[in-house]
Amino acid sequence: MKRFFERAALLSAAVVIFAMCGRGFPAAGADVRTLNLSTLAPLTTVDPHNTTNLQDITFLKQVFEPLVFQNEATGDYELRIAEGYSVAPDGLAYTFNIRKGVKFHNGRDLKASDVVFSLKRAAENPKVRNYLVTVADVSAPDEYTVVVKLKQPNAAFLNNQNMVFIVNRAEVEEQGEEFGTKLTLAGTGPYFLTSLKHDVEWTCDAFPAYYRGEAPIKKLHYVPITDASAGLIAFESGELDWYIAPIANWDALSSNPKYKTELVPANHISFICVNYLKKPLDDDNLRKAIAYAIDKDAMNIAVFSGHAVNADFLIGAQNTGAPTTGIVYDYDLQKAKEYLAKSAYPKGTHIGSINCSAGGNYEKMAVVLQANLAEIGLTCDINRLESATNLEYARTQKFDLLATGGEVVGDFDAWRLYCDTRAVGAYYVKYEGGKFDYKKMDKLWDDGISVADTAKRKEIYTELNNMIMDTATMLPVFHRPTPFVWTTDLNIPRNYSIFPQVYEWSWK
Amino acid sequence: MHRFILRRLLMMIPIIIGVSLLIFIIIDLVPGDPGSNLLGPGARQEDIDLMNEQLGYNYPLLQRYGVYMYNAVFKLDLGKSYSTKKPVFTEVVNRLPVSLTVAFNAIMFSLVFGVPLGVLSAVKQNTLFDRIPTGLALLLASQPAFLIGLVLMLIFSLHLGWFPVTGAASWKSYIMPMVALGLPHGGRQLRFTRSSMLETIRQDYVRTAKAKGAPPRRVIWKHAMQNALLPVITVAGNSFGVLIGSAIATETLFGLPGLGTFVVMGIKQKDVPVVTGGIIILAVIFSFVILAVDISYAFVDPRIRAKYSGRRG
Amino acid sequence: MMRAELNSEAPNTAADILVFKKESRWKEIWRRLKKDRVAMMGLVIICAVIFLALAANLIVPYSTALKMNMKLRLAPPSAEHWFGCDGYGRDLLARCLHGSRVSLLVGFATSFATLLAGGMLGALVGYVGGKLDDLVMRALDIFSSIPDTLFAMAVVAAMGPGILNICIAISLTNIPGFVRMVRSSVLNIAEQEYIEASRAGGASVMHILSRHVLPNAVGTLIVQTTANVASMILTAATLSFLGLGINPPQPEWGALVSEGKEFLRTAPHLILIPGFMICAASFAMSVLGDGLRDALDPRLRT
């Protein structure tokens, strides 16, 4: 017995020592201060053509760059790898002049062939193919010119380029299948990767040969923190310098002089889908009754402590072509009751269930929506689902009501996927073959990107928006807030609603 | 003894086949497909189909299972994660030390305070020395791990600044997970030690020893303890095996890249190779841990050794 | 010391034994249990909780548990709302009361299902032995080598949410352990001399199982089931925390705790009160289980 315990003790000591080997303190004491940041999930990949995951892109934007970049705050296009571009009069060809002297992090020079390779590579990956769906051909007439030919005019083409990153052909081919899973220097951005453990931490240094000049902050250190409460504690104990805080703690944070804070409405829309193909939701008046019964303010308070911006339209006004006038449903119990009375269904009708993904903001929206509907005398259940299942049911129209939302980047055309009947599988509400004039909707989507003039586009989209809103099948609720907090010794000229630009930041 | 170990090792083969098939089927029943999951909302059906084809998901279940098992057995290849494209085997091997460290530390911590307090409360049954620890144990054992973890973070990271909240970079990162996980387990350990000890104290030979006038302390240490601790070792070994894969809440909270969260992410994204590979490895580890417990049992108790080397376990 | 008292009360004379045999076994157990003050406290608590769960509708209507009022959002406990209000301004007391119904239902239903399925299977394989025993035990090895939480998650993900599916998932993960326990206690009993004797006397398998084996194993079953209720309530709470609980707005203790998590620092009562409920119920069931084990312990009887 005694010997057993002795051996067990020795063994356990050995295991502990083994486990702790190589886990020293993180290197500290360097004279440049490291900026500590976090993402909400481990990095899935460092291949920018193999992810649309927001957490990945948030980081990858510091390392990789597109041809042109759309500023989230102003909506303007800024030149990055392209130093200029021109559009053919028929809108079917874009010619990009590639900036000379751009270096990849591995020291190689960027050539037009890298751009052609990147666009073609992205067009093959189902994850990002979407951004290049109208592209017919990409070619490089010379070392610093790239011509992109389109199948049809696409006013949102430049906006889409925002998410197509340029990588170094030679390095991607060298790494082959492994590209994305290990350290890479195939980017041109202001920061280059210096270490990479996808699940634990990854670090970057400022790229000295960056063509816009070396970044003021020299070192970045990222950790993934999935739990928001833990992340906030990490920020408060000084382990992070910048954080998107849980909204429940906003009041305490914004009144604390130790921190700087900014509340930015995200370019995101939370909305409710109503499946008009199911009974009794096929009744137009019933759906309008639902639309007027939604108490956006109550939802806002319950979900975001009242800090969200209530939405009248499907997309925020800062985006290109976003409508600002038209049909709007505001909470109005009287109107809701009137429409319900006009409908074929009496008070007390059970209208099915509200689907939502479990444990998040949409679940809270669903809970309030259920209470809202109860107020006009409609009953329903809530179906909280794993997010994967929820998505599957949404695609296959296996729902009655659906509380959901999504990021919309830059252009009203981004909404096309949720509505265009030819985007099979993408939409939640299926207009195709239904009772609404879906052919006209599709035509308006096409018209919307075939003209370049923004005012004209807005006109088209206003008409389209009215058509969609009149069906009362997709009901905008609010734009969620993004509560940024950061330490006072960090200078941040502006917080963008989705993707931070660390290049603009500096230490005090 | 060797035959016993060999037999047990061979028994792992049907377990692995059973576990992998079971998980394959269950994950297949989860609605949706990996393609639509990876591409997220707003993806077109054609892209989803292409993605599923690239992932090799379009074949029938049994064919996929056959290919999977062929690669797993003959090439030691557990496939690649659908979402990260990284080989599942390497991913698991990378995460294993974290899970082992967390589970091992937690069990050690739980033994360190659970066993002595359990013995104490058994020996001093129905006194304050019994009531306070058992009450405390029940309190701890019925707390969700995330609650203890959050409270620890508030105290030791935010207010005292002793331990970091995030990362698995230094040994300091493992202290709070150890306590958060070890406290409820220690509570269970304490209760189990107490009842096992009580059981032994009531055995005839202990009573006989007492009746023969042996000093109480000697009776407890010499006779009762050794026998009472055997089941305690079993339970600790078992919990260790279980904890490797199920410290999910703790891993999530402290941002530790362990196996539990790995598999949970896989379940959520219908990442079949991740879930199957992860659970196969967890099952193998669990079987090994149980085997180790049984061997250590035999190591301690010659009667059991004799039994093992004789007929089947 | 209570144990010593009990021992001194053990029947010593022939007359005592006669009296002891006349007194039914259950009465005897109840008599012992009554002396265990801690176990009785557990019994009282659990009875009170069950009573409150059953009478929840009489105390406060279910609609109160759903009634939202954004003005009362995160309100601390007050005279009007004893337990305060949650993130939607719903009365937490009403939610805790009505939540106890689901939590207890899950706890008891899964324990009972485990008892039935695991108990029967365990008794059967334990007594019959041989090939059947081997087959069943190896099949159970497969189940028990998969971590419980992961298995339950996968099952719920595959079958969808809902009380029934959660109960099935939790029961499935608990059955292997229960079978093993019942099997070993049956094996123990089957080796006893009197069983051997009646077997030699030509009694049928069913007769031996129903007359000798099961009645003797029943103590272990009861104790284990009681302890199971506590752990099942906790498992359900954990699943809720991992996002696999029942559908809102139905309250459930685990769900209340996980809903309260985001307000741990701003409105701690939202997590502490339901957390205390879980604690109290599982404490009560655990001490009751301990008390029953002591009361049933045959070594204390003779």
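What you are looking at is a predicted structure, and each value in this text was computed from that prediction instead of being measured. (Residues numbered from 1 in each chain as written. Chains lettered and ligands numbered in written order. Predicted model: local features only at pLDDT ≥ 70, side-chain atom pairs only at ≥ 80, totals over all residues. Heavy atoms only, no water.)

Caption draft 1: Fine view of the overall build of chain C. Scanning chain C for helices and strands turns up 15 helices and zero strands. Taken over 302 residues, chain C has a buried fraction of 54%. Intrachain contacts of chain C at a sequence separation of at least 6 include 71% that bridge at least 24 residues. Total accessible area on chain C is roughly 13400 Å²; 68% of this is exposed by carbon and sulfur atoms. Between the averaged position of the 27 positive side-chain charges in chain C and that of its 22 negative side-chain charges there is a distance of 3 Å. (Helix = DSSP H or I, 4+ residues; strand = E, 2+ residues; numbered from the N terminus. Buried < 20%, exposed > 50% of the residue type's maximum accessible area, 1.4 Å probe, protein only. Contact = heavy atoms within 4.5 Å. Areas by Shrake-Rupley, 256 points an atom, 1.4 Å probe, with all protein chains shown as cover. Lys, Arg positive; Asp, Glu negative; His and termini not counted. Charge placed at Lys NZ, Arg CZ, Asp CG, Glu CD.)

Caption draft 2: Quick peek at the pairing of strand S13 (residues 268-274) of chain A. Residues and elements named next belong to chain A. For S13, the buried fraction is high: seven of the seven residues fall into the buried class. Burial along S13 is two-sided: the face carrying His-268, Ser-270, Ile-272 and Val-274 and the face carrying Ile-269, Phe-271 and Cys-273 are both buried. When S13 meets strand S17 (residues 401-407), the two strands line up antiparallel, connected through seven bridges. If you follow Cys-273 over to S17, its bridge partner there is Leu-402. Pairing analysis gives four bridges linking S13 to strand S18 (residues 474-479), with the strands arranged antiparallel. Across the sheet, the residue bridging to Ile-272 is Leu-475, located in S18. (Pairing = 2+ DSSP bridges.)

Caption draft 3: Broad picture of the domain arrangement of chain A. All names here are of chain A. Under the domain assignment used here, chain A contains domain 1 (2-224) and domain 2 (268-479). Using C-alpha coordinates to define each centre, domain 1 is positioned 34 Å away from domain 2. The three residues of domain 1 that bury the most area against domain 2 are Pro-153, Ala-155 and Asn-159, which together make up 38% of that side's buried surface. For the pair domain 1 and domain 2, the number of links is zero salt bridges. At the boundary of domain 1 with domain 2, the tally comes to one residue pair in polar contact (both at pLDDT 80 or more). Partitioned by chemical class, the residues of the side of domain 1 that touches domain 2 number four nonpolar, six polar and no charged. (Domains from an automatic or database assignment. Buried area = accessible area lost by both parts, 1.4 Å probe. Salt bridge = Lys/Arg side-chain N within 4 Å of Asp/Glu carboxyl O. Polar contact = N/O pair within 3.5 Å; in protein donor to acceptor, adjacent residues only side chain to side chain. Nonpolar A, V, L, I, M, F, W, Y, C, P; charged D, E, K, R; others polar.)

Caption draft 4: View of the interface of chain C and chain A. On the chain A side, the residues contacting the 20 residues of chain C number 24 residues. At the boundary of chain C with chain A, total buried surface from both sides reaches about 1900 Å², with 52% on carbon and sulfur atoms. For the chain C face of the interface with chain A, the top three residues by lost area are C:Tyr88, C:Pro248 and C:Arg265, together amounting to 28%. At the junction of chain C with chain A, the criterion picks out three salt bridges. A salt bridge links C:Lys261 to A:Asp227; the nearest nitrogen and oxygen atoms lie 2.6 Å apart. At the junction of chain C with chain A, the criterion picks out eight residue pairs in polar contact (both at pLDDT 80 or more). For the side of chain C that touches chain A, the per-class residue count stands at 10 nonpolar, five polar and five charged.

Caption draft 5: Main features of the interface of chain B and chain A. Tallying the contact residues gives 56 residues for chain B and 53 residues for chain A. The contact between chain B and chain A buries some 4900 Å² in all, and 62% of this surface belongs to carbon and sulfur atoms. Area buried by chain B at its contact with chain A is led by B:Gly42, B:Arg44 and B:Thr166, which between them contribute 12% of it. Viewed at the interface, chain A and chain B are joined by four salt bridges. Ionic pairing is found between A:Arg129 and B:Asp47, a salt bridge with its closest N-O pair at 2.1 Å. Counting every contact that joins chain B to chain A gives seven residue pairs in polar contact (both at pLDDT 80 or more). Secondary structure elements with two or more residues in the side of chain B that touches chain A: helix H2 (34-39), helix H3 (45-55), helix H5 (88-123), helix H7 (145-159), helix H10 (216-246), helix H11 (248-254) and helix H13 (272-300) of chain B. Looking at the side of chain B that touches chain A, the element that brings in the most residues is H3(B), giving seven residues. Residue classes in the side of chain B that touches chain A are distributed as 29 nonpolar, 16 polar and 11 charged.

Caption draft 6: Fine view of the packing of aromatic side chains. With the rule as written, the count across this model stands at 33 aromatic pairs over all chains. Ring plane angle 75° and centroid distance 4.8 Å describe the contact between A:Phe59 and A:Tyr222, whose orientation is recorded as edge-to-face. Of this pair, A:Phe59 sits in helix H2 (residues 54-60) while A:Tyr222 sits in strand S10 (residues 219-224); the two residues are 163 residues apart in sequence, bridging distant segments of the chain. Here B:Phe104 and B:Phe240 contribute two aromatic rings whose centre-to-centre distance is 6.2 Å and whose plane-to-plane angle is 80°, an arrangement assigned as edge-to-face. Pair noted here: B:Phe104 is in helix H5 and B:Phe240 is in helix H10, with a separation of 136 residues, a long-range link. Of the two residues, B:Phe104 and B:Phe240, both sit in the buried class. Here the guanidinium or amino end of A:Arg80 rests over the ring plane of A:Phe69, the centre of that ring lying 4.6 Å away. (Phe/Tyr/Trp six-rings, centres within 6.5 Å; stacked < 30°, edge-to-face > 60°. Lys NZ or Arg CZ within 6 Å of the ring centre and 35° of its normal.)

Caption draft 7: Quick peek at the pattern of salt bridges. One pass over the full model with this rule turns up 48 salt bridges over all chains. Salt bridges sharing common partners tie together A:Glu65, A:Glu78, A:Arg80 and A:Arg212.

Caption draft 8: Layout of the environment of A:Leu240. Residues and elements named next belong to chain A. Tracing the chain through its elements places Leu-240 in the loop between helix H6 (228-236) and strand S11 (242-244). Residue Leu-240 is classed as buried on the basis of its relative accessible area of 0%. Leu-240 sits 78 residues away from Asn-162 along the chain, and the two C-alpha atoms are 28 Å apart. In contact with Leu-240, other than residues within four places in its own chain, are Asn-36, Leu-37, Ser-38, Val-223, Ile-225, Gly-231, Ala-234, Phe-235 and Thr-487.

Caption draft 9: The arrangement of the confidence of the model for chain A in detail. Predicted confidence across chain A gives a mean pLDDT of 89, with 94% of residues reaching 70 or more. Here residues 1-5 of chain A is a poorly scored stretch, pLDDT under 50, and it has seven contacts once near neighbours within four places are set aside; other chains count. (pLDDT = per-residue confidence, 0-100.)

Caption draft 10: Seen up close, unusual backbone geometry. Cis geometry marks the peptide bond from A:Lys279 to A:Pro280, where omega comes out at -5°. Within the secondary structure layout, A:Pro280 lies in the loop between S13 and helix H8 (284-293). Residue C:Pro249 follows C:Pro248 across a cis peptide bond; omega there is 5°. One can find C:Pro249 in the loop between helix H12 (205-241) and helix H13 (253-260). Look at A:Ala472: it is not a glycine, yet its phi comes out positive at around 50°.

Caption draft 11: Fine view of the sheet that holds strand S16 (residues 379-385) of chain A. Residues and elements named next belong to chain A. The six strands lie next to each other as S14-S18-S13-S17-S15-S16, forming an open sheet whose pairing is mixed. The open sheet has two edge strands, strand S14 (309-310) and S16, and neither has a second partner. Lying on the sheet, helix H9 (residues 296-304) is in contact with S13, S14 and S18; it crosses S18 at an angle near 50°. (Axes fitted to C-alpha atoms, helices over the stretch in contact; angles between N-to-C directions.)

Caption draft 12: Highlighting the environment of A:Asp413. Residues and elements named next belong to chain A. Position of Asp-413 among the secondary structure elements: in the loop between S17 and helix H13 (416-419). Linking Asp-413 and Tyr-339, residues 74 residues apart in sequence, is a C-alpha distance of 32 Å. Aside from chain neighbours lying at most four places away, what touches Asp-413 is Ala-156, Trp-445, Ile-449, Arg-457 and Tyr-461.

Caption draft 13: Structural view of the sheet that holds strand S19 (residues 481-487) of chain A. All names here are of chain A. Spatial ordering of the open sheet is given by S11-S19-S12, a layout of three strands whose pairing is antiparallel. This sheet does not close on itself; its edge strands, each paired only once, are S11 and strand S12 (259-265). This sheet shows a mean twist of 20° between the axes of neighbouring strands, independent of strand direction. Of the strand pairs in this sheet, S11 and S19 are connected by three bridges, and their pairing is antiparallel. Looking at the pairing, Trp-242 lines up with Trp-486 of S19.

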